[in-house]
Amino acid sequence: MPKIVDHDTRRAELVEASWQVIAAEGLEGLTMRKVAEAAHCTTGRITHYFADREALVLAALRAVNGAAGDRTDALLTRDLPAHDKLILCLEEGLPLDTTRQLEWKVWIAFWAAAASNPVLAKENDARHTGWIRALAPLIKAVAPKADAEHEARILMGVLDGLGLIAAINPTARNKANAKQAVHTHVANLVKSNS
């Protein structure tokens, strides 16, 4: 009987192996050979699923964005006050555990590459647009007088800056400072726009 192969699982394994390589060596260090080593497979298996390195890079970025987006979507469906959802969503965007630390290392590598790659830049814009769309209704609920979309853009900038600091040097202090800054920013937003 022929062996049944779960192609979606295989693709996901290869993408996750690419995250490990990107996190360790940056995007410039990503090669099919290194991903094959990380995935414990041949380069032939990778080329079976991805036409070239660029296809693997784009799949890796979309997958890391999708993983973060799925967790945020799950938070949005919870039966919690809007303020709590907003805080949880913002904290979800910070590198506060090993999973999010890995995602941030991948994002940092992609940001550097996106500065000169229009395809990656477009993917980055789509990620930010998705975050803004998720945050704006929560902001409107907790700060009715605010321009929610404008405040969501500001929060994205705050989150990116705080996340960058905590991802580059993931000390307990940097993580705690990032969380505290998010809480303080939201409290000030609510206070000035209620």
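First, a word on what this report is: a plain description of the structure on this page. Treat the numbers as computed from the prediction; the structure is a model and nothing was measured. For every chain, the first residue of its written sequence is number 1, and the numbers climb from 1 along that sequence. Under the rules for a predicted model, residues below a pLDDT of 70 receive no local features and side-chain atom pairs below 80 are neither given nor counted, while totals for whole chains, interfaces and linings still include all residues. Values reported for side chains reflect all heavy atoms of the structure, with hydrogen atoms and water molecules removed beforehand.

**Quick look at the environment of alanine 146**
Short version of the rule: Put simply, DSSP H or I for four residues or longer makes a helix, DSSP E for two residues or longer makes a strand, and each gets a number counted from the N terminus. Relative accessibility under 20% of the residue-type maximum defines a buried residue, over 50% an exposed one, and the middle range a partly exposed one, all with a 1.4 Å probe and only protein chains included. Working rule for contacts: check all heavy atoms of both residues, and any pair within 4.5 Å makes them a contact.
Tracing the backbone through its elements, the reader meets alanine 146 in the loop between α7 (118-142) and α8 (148-168). Judged by its relative accessible area of 5%, alanine 146 falls in the buried class. Alanine 146 sits 66 residues away from leucine 80 along the chain, and the two C-alpha atoms are 21 Å apart. Sequence-distant contacts of alanine 146, that is, excluding residues within four places in its chain, are made with Ile139, Lys140, Glu151, Leu189 and Asn193.

**Things to note about the nonpolar core**
Note on soluble globular proteins: their nonpolar side chains tend to be buried together. Spelled out, the test is: Grouping buried Ala, Val, Leu, Ile, Met, Phe, Trp, Tyr and Cys residues that are joined through side-chain atoms within 4.5 Å yields what is termed a nonpolar core.
Ile22, Leu27, Ile46, Phe50, Phe110 and Leu120 are the most contacted members of the largest nonpolar core, which totals 33 residues. Among the elements of the structure, α1 (7-25), α2 (32-39), α3 (43-49), α4 (53-76) and α6 (98-114) are those that each provide at least two residues to this core.

**Re the packing of aromatic side chains**
Here is the rule we go by: Here a Phe, Tyr or Trp ring, Trp counted by its six-membered ring, pairs with any other such ring whose centre lies within 6.5 Å, and the pair is stacked when the planes are under 30 degrees apart, edge-to-face when over 60, and tilted otherwise.
Within the structure shown, the criterion is met by 2 aromatic pairs. A ring pair is formed by tryptophan 104 and tryptophan 107, whose centres lie 5.6 Å apart and whose planes are at 85°; its orientation type is edge-to-face. In this pair, tryptophan 104 and tryptophan 107 are both assigned in helix α6, 3 residues apart and thus about one turn of the helix distant. Its relative accessible area of 3% is what places tryptophan 107 among the buried residues. Where tryptophan 104 meets tryptophan 111, the ring centres are 5.4 Å apart and the plane angle is 85°; that geometry is what we call edge-to-face. Overall, the relative accessible area of 1% leaves tryptophan 104 in the buried class.

**Thoughts on the packing of α4 against α6**
Convention followed: A fitted line through C-alpha atoms represents every axis, and for helices the fit uses only the stretch in contact; the resulting angles, taken between N-to-C directions, go from 0 to 180 degrees. An angle counts as roughly parallel when it lies under 35 degrees, as roughly antiparallel when it exceeds 145, as roughly perpendicular when it falls between 65 and 115, and as oblique in every other case. Crossings are assigned a handedness: left-handed for a near helix turned anticlockwise from the far helix by less than a right angle, right-handed for a clockwise turn. In this classification, the charged set is Asp, Glu, Lys and Arg, the nonpolar set is Ala, Val, Leu, Ile, Met, Phe, Trp, Tyr, Cys and Pro, and all remaining amino acids, among them Gly, are polar.
Relative to each other, α4 and α6 sit at 140°, their axes nearing to 10 Å. What the angle tells us is that α4 and α6 run oblique. α6 is crossed by α4, and the crossing has left-handed handedness. Contacts from Val57, Ala60, Leu61, Val64, Asn65, Ala67, Ala68 and Arg71 in α4 reach Thr99, Arg100, Glu103, Val106, Trp107 and Phe110 in α6. The class makeup of the residues in the contact of α4 with α6 is 9 nonpolar, 2 polar and 3 charged.

**Some words on the pattern of salt bridges**
What counts, and what does not: Within this document, salt bridges are pairs made up of a side-chain nitrogen of Lys or Arg and a carboxyl oxygen of Asp or Glu, the two lying within 4 Å of each other.
The final tally for this structure, using the stated rule, is 7 salt bridges. For arginine 71, the salt bridge identified is with glutamate 92, shortest N-O distance 2.3 Å. Of this pair, arginine 71 sits in helix α4 while glutamate 92 sits in helix α5 (residues 82-92), placing them 21 residues apart in sequence. Note that glutamate 103 is salt-bridged to arginine 71, the shortest N-O span being 2.7 Å. Highlighted residues: glutamate 103 in helix α6 and arginine 71 in helix α4, separated in sequence by 32 residues. Classification of arginine 71 as partly exposed rests on a relative accessible area of 25%. Among the ionic contacts, a cluster of salt bridges with common partners joins Arg71, Glu92 and Glu103.

**Observations concerning the packing of α5 against α7**
Packing of α5 against α7 leaves a shortest axis separation of 8 Å and a crossing angle of 150°. By the criterion of interaxial angle, the relationship of α5 to α7 is roughly antiparallel. Between α5 and α7 lies a crossing whose hand is left-handed. Only Trp131, Leu135, Leu138, Ile139, Ala141 and Val142 of α7 make contact with α5, whose side of the interface consists of Ala82, His83, Lys85, Leu86, Cys89 and Leu90. The residue inventory of the contact of α5 with α7, partitioned by class, reads 10 nonpolar, 1 polar and 1 charged.

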